[in-house]
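Listed below, chain by chain, are the residues.
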Amino acid sequence: MRDATTDGPPDPAVLDLPFAVGEAASGPLTWAQSVMWDAMQWFGKEANQFNIGQPLVLAEPVGQARLLATLRGLVEAHQTLRTRYVARSGQPRQEVHASGAYDVVVADGHDDPARVAEELAGRLAETAFDHEAEWPLRVGCVVDGERRVTAVALVGSHLAFDGWAFNTFVDLLLAGLTGEQDQPEQASPPAAVPQPASPVGAQPSAGEGVPQALEQAAFEGSPAGQQQSRLGLRHWEQGLSAAPASMFDLPRAATGDQPIERHLLDSAAVAAAAATLAARTRTSFSTVLLCLTTLVLTAYNGHDTAVLKLITGNRLDRRSRDLIALNTLDALLAFTVPRDVDLLTAVRQTHRPAFDAYRRAQCDPRAVRTVVEEVGRRRGVSFDLSTYFNNGHRGNDWAVTGPEPGPDRLAELRAGSRYTRLDPLPRSDMKFMVAASNAGEGVCRLGLLVDTTYLPGALGETIVRGIETLLCDAVADEIGVAEIPGRIGLTPAVRGADWVRTPAGWVRPADVAELVRGAAGGVEVAVLAAGPAPGTGLTAYVADASAVPEELHRRVLDLLSGRTGVAAPDGYVACVAAPPAGAGPDAWRGVPVAARGPGRPA
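Residues numbered from 1 in each chain as written. Predicted model: local features only at pLDDT ≥ 70, side-chain atom pairs only at ≥ 80, totals over all residues. Heavy atoms only, no water.

1. Notes on the overall build of the protein
Okay, so step 1: When you go through the protein residue by residue, the secondary structure sums to 16 helices and 21 strands.
Okay, so step 2: By the compact-globule yardstick of 25 Å for 602 residues, the protein fits well, its C-alpha radius of gyration being 27 Å.
Okay, so step 3: Overall size of the protein, expressed as C-alpha extent along the three principal axes, is 90 × 65 × 45 Å.
Okay, so step 4: When burial is assessed residue by residue, the protein has 53% of its 602 residues classed as buried. (Helix = DSSP H or I, 4+ residues; strand = E, 2+ residues; numbered from the N terminus. Rg over C-alpha atoms; globule rule 2.2 N^0.38 Å. Buried < 20%, exposed > 50% of the residue type's maximum accessible area, 1.4 Å probe, protein only.)

Now the structure itself:
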């Protein structure tokens, strides 16, 4: 033991946990790791919001040596736990160490181990991980008056763990602490420790046969992995070819410096109702919740087609289920939202597109970015793929095992629902995300993140509570999709007459004109719709006889990034001069023309 130097109340000690096994190794990041690496670089110090923490109160106290022995066995068996993530020559890599040491923070908590463990986990999660300098897991323990461990605090980096991997690690740790094998109570336990059983089968010991992140990276670079990636990229290209550019082509609201709101609803009613509807429709809990998410969002933003990223684990075989490493990627869901049907029919119609999206999630994210950019430039848009759905529970967490809950039972469960608004954030790479996780004891934790620039006021609480309402109502009644706004008190977004609907989504021609004006050097510009029908195209009239439409279009495309409610015009007209002042927009159609050109490939 040695003295701790952390901020806050002093900890009595820090335990040293050395490890040594095999040889060092290194390799590229996996596809999943590279996605998270980029996100963490973007967030910087604010990446602490990705930390995964959990306090664990043990059913029976254990000796400190047993905790160290179990932890050491897991660290030595799973490369992720002894990996540093580094940038070398501008490229991120994972470096697996053969030896090293962990610090295990010790806190006295004989009066209230649960409270102390929760506080300790919170302290360990306060800062973002320095992946070049520290291991991707922080560990603390709570001890009683006899210095026995009564609780454990764990915090993992999301670069190393997803929810499945973290829960699997927790299961392995608890099995090692509560199992029947004898652990010698000594200060330096032996390096080789028998491994506990994994949730899905026997876990090999000392790292033999244990799936590792470096193996995953090697597969992804293999011919089989590249073929898998090509199939996924084809799915992305097909989906984006008809998807709207953004789900947030909406009038913007004024916000403060903390525009990102986060809402939580812990609800046993959501778990029971969604599981019931999944059984009724022969789909899944995930499909039911995903369907409700798309229906509520598109009811607000006025879209017929939804485009979302689905955070996808795809642990479909033994090796992926046992892999303690980040394994989540973004799947693309782009499909036409059913309107003139009842809610259960909409759930059934969502199932196949969602299945196809999840099935094609495993592909190279850097190649995905290339596809997104290429399709966007071909269509004259900059895609804003900032709508997310994350079904984070395991398998059949809430499978229906008894009679379906009736209205009275659901009302009783709803009475116990707990709504919480978390502290807002200054920024996020998401504008909207719905997430579900298992809060234990039959409770679904329904999380919602919203950017109030696009979904202002009390919309966040309306949506998260509205999903619960719709799920419970649908168990007893037939609900038409068109009824959704009225059922939950949702007022759809209001766009003025200066907005038009195009194949790229909703755009404001005045904003497009401003974009073209910037690309054309500040000359007079007008952007006119070809007709009043939905899905109409836009033509830009530019008061510059020397303008070359193709070059102007390329400059417009370069200015699109990060903007919603705009798209490149479908065509450009270089005019000899602007119409007389006060002549009105339509007068542009009659001025002398120097050149015409398309804003799209032939």
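2. Comments concerning helix α5 (residues 213–221)
Okay, so step 1: What α5 keeps buried is the set A213, L214, A217 and E220. Projected onto a plane normal to the axis of α5, the buried residues spread over an arc of 120° and lie on a single side.
Okay, so step 2: Those residues of α5 that are buried lie in contact with β2 (25–28), α1 (31–43), β5 (91–96) and α6 (223–240). (Arc of directions from axis to C-beta. Contact = heavy atoms within 4.5 Å.)

3. A look at the packing of aromatic side chains
Okay, so step 1: The final tally for this structure, using the stated rule, is 8 aromatic pairs.
Okay, so step 2: Consider the rings of Y102 and W135, whose centres lie 6.0 Å apart with planes at 20°: the pair is stacked. Remark: W135 occurs in the loop between α3 (113–124) and β7 (137–143) and Y102 occurs in strand β6 (residues 99–108); sequence separation between them is 33 residues.
Okay, so step 3: Since its relative accessible area comes to 3%, Y102 is described here as buried. (Phe/Tyr/Trp six-rings, centres within 6.5 Å; stacked < 30°, edge-to-face > 60°.)

4. Details of the pattern of salt bridges
Okay, so step 1: Scanning the entire structure with this criterion turns up 34 salt bridges.
Okay, so step 2: A salt bridge links E404 to R280; its shortest N-O distance comes to 2.8 Å. Here E404 is found in the loop between β12 (387–391) and α12 (407–415), whereas its partner R280 is found in helix α7 (residues 268–281), with 124 residues between them in sequence.
Okay, so step 3: Here E404 falls in the partly exposed class, since its relative accessible area comes to 43%.
Okay, so step 4: With relative accessibility at 30%, the residue R280 sits in the partly exposed group. (Salt bridge = Lys/Arg side-chain N within 4 Å of Asp/Glu carboxyl O.)

5. Some remarks on the pairing of strand β15 (residues 443–451)
Okay, so step 1: Among the 9 residues in β15, 8 count as buried, and that is most of the element.
Okay, so step 2: Examined bridge by bridge, strand β9 (residues 260–267) and β15 share 8 bridges and lie antiparallel to one another. The residue of β15 that forms the bridge with D266 is R445.
Okay, so step 3: As paired elements, strand β14 (residues 432–440) and β15 share 8 bridges and run antiparallel to each other. Counted as the bridge partner of S437 is R445 from β15.
Okay, so step 4: Taken together, β14 and the strand that follows it, β15, pair antiparallel across an intervening segment of 2 residues, in which E441 is found at a positive phi of about 55°. (Pairing = 2+ DSSP bridges.)

6. What about the packing of helix α8 (residues 285–301) against helix α10 (residues 343–359)?
In a packed pair of helices, the relevant descriptors are the angle between the two axes and the axis-to-axis distance.
Okay, so step 1: The N-to-C vectors of α8 and α10 enclose an angle of 105°; their axes lie 8 Å apart at closest approach. Regarding the angle of α8 to α10, the classification is roughly perpendicular. Here S286, T287, V288, L290, C291, L292 and L295 of α8 lie close against α10, whose contacting residues are L343, A346, V347, T350, H351, A354 and Y358.
Okay, so step 2: Partitioning the contact of α8 with α10 into residue classes produces 10 nonpolar, 4 polar and no charged. (Axes fitted to C-alpha atoms, helices over the stretch in contact; angles between N-to-C directions. Parallel < 35°, antiparallel > 145°, perpendicular 65-115°, else oblique. Nonpolar A, V, L, I, M, F, W, Y, C, P; charged D, E, K, R; others polar.)

7. A look at the nonpolar core
Okay, so step 1: Formed by 106 residues in total, the largest nonpolar core has its most connected members in W236, L310, F432, L455, I467, L471 and V516.
Okay, so step 2: At 11 residues, α8 tops the list of elements feeding residues into this core.
Okay, so step 3: Residues in contact with L455, not counting those within four places in the same chain, are F248, L297, Y300, K431, F432 and I463.
Okay, so step 4: Counting residues in hydrophobic clusters, the runner-up holds 48 residues, among them L17, L56, L68 and C141. (Core = buried A, V, L, I, M, F, W, Y, C linked by side-chain atoms within 4.5 Å.)

8. Some remarks on the sheet that holds strand β1 (residues 13–20)
Okay, so step 1: Read from one edge to the other, the open sheet built from 5 strands follows the order β1-β6-β7-β8-β3, with strand pairing classed as mixed. Whereas interior strands pair on both sides, the edge strands pair on one side only; in this sheet they are β1 and β3 (52–62). This sheet shows a mean twist of 25° between the axes of neighbouring strands, independent of strand direction.
Okay, so step 2: Summarising the sheet, β7 and strand β8 (residues 149–156) pair through 7 bridges and their orientation is antiparallel. Note that in β8 the partner of C141 across the bridge is V152.
Okay, so step 3: Running at roughly 25° to β8, α3 makes contact with β3, β6, β7 and β8 of the sheet.
Okay, so step 4: Against the sheet, helix α4 (residues 163–178) engages β3, β7 and β8, with an angle of about 15° to β3.

9. Description of the sheet that holds strand β4 (residues 83–88)
Okay, so step 1: Read across the sheet, 3 strands follow the order β2-β5-β4 without closing on themselves; strand pairing throughout is antiparallel. Every other strand in the sheet has two partners, leaving β2 and β4 as the edge strands with one partner each. Across this sheet, the average inter-strand angle for adjacent strands is 30°, counted without regard to direction.
Okay, so step 2: In the sheet, β4 pairs with β5 via 6 bridges, with the strands oriented antiparallel. Looking across to β5, one finds that Y85 is bridged to Q94.
Okay, so step 3: Here α1 sits on the sheet and contacts β4 and β5; the angle it forms with β4, its principal contact strand, is near 65°.

10. Describing the environment of E126
Okay, so step 1: With respect to the helices, strands and loops of the structure, E126 is situated in the loop between α3 and β7.
Okay, so step 2: C-alpha of E126 to C-alpha of N48: the two residues are 78 residues apart in sequence and 6.4 Å apart in space.

11. Topic: empty space enclosed by the protein
Okay, so step 1: Counted under the stated rule, the structure contains 2 cavities of 30 Å³ or more.
Okay, so step 2: Quantified by volume, the largest cavity comes out at close to 60 Å³.
Okay, so step 3: What lines the largest cavity is a set of 13 residues, and nearest its centre among them are A245, A504, W506, G565 and V566. (1 Å grid on protein atoms, 1.4 Å probe; cavity = no way out; pocket = protein on both sides within 12 Å on 5 of 7 lines; lining within 4 Å. Points joined across faces, edges and corners; volume = space filled by probe spheres on them.)

12. Regarding the state of the cysteines
Okay, so step 1: Considering all chains together, one arrives at 0 disulfides under this definition.
Okay, so step 2: The structure places no disulfide on C472, whose sulfur is separated from the nearest cysteine sulfur, that of C444, by 11 Å.
Okay, so step 3: Residue class for C472 comes out buried when judged on its relative accessible area of 7%. (Disulfide = S-S within 2.5 Å.)

13. Observations regarding the pairing of β7
Okay, so step 1: Most of β7 sits inside the fold, with 7 of its 7 residues counted as buried.
Okay, so step 2: With burial as the criterion, each face of β7 is covered, one bearing L137, V139, C141 and V143 and the other bearing R138, G140 and V142.
Okay, so step 3: Sheet topology note: the β6/β7 ladder contains 5 bridges and is parallel. Paired with V105 across the bridge in β7 is G140.
Okay, so step 4: Where β7 folds back onto β8 in an antiparallel hairpin, the turn is made up of 5 residues, including R147, whose phi is positive at roughly 65°.

14. Details of helix α11 (residues 365–379)
Okay, so step 1: Taking 1.5 Å of rise per residue, 15 residues should cover 21 Å, and α11 covers 21 Å from first to last C-alpha, within 8% of that figure.
Okay, so step 2: Taken together, the buried positions of α11 are occupied by P365, V368, V371, V372, V375, G376 and R379. Down the axis of α11, the smallest arc covering the buried residues is 125°, so these residues share one side.
Okay, so step 3: Those residues of α11 that are buried are in contact with α1 and α6.
Okay, so step 4: With a side-chain oxygen lying 3.0 Å from the backbone nitrogen of R366, the N-terminal cap of α11 falls on D364.
Okay, so step 5: Remark: G380 follows α11 within two positions and exhibits a positive phi of approximately 75°. (Expected span 1.5 Å × (residues − 1). Polar contact = N/O pair within 3.5 Å; in protein donor to acceptor, adjacent residues only side chain to side chain.)

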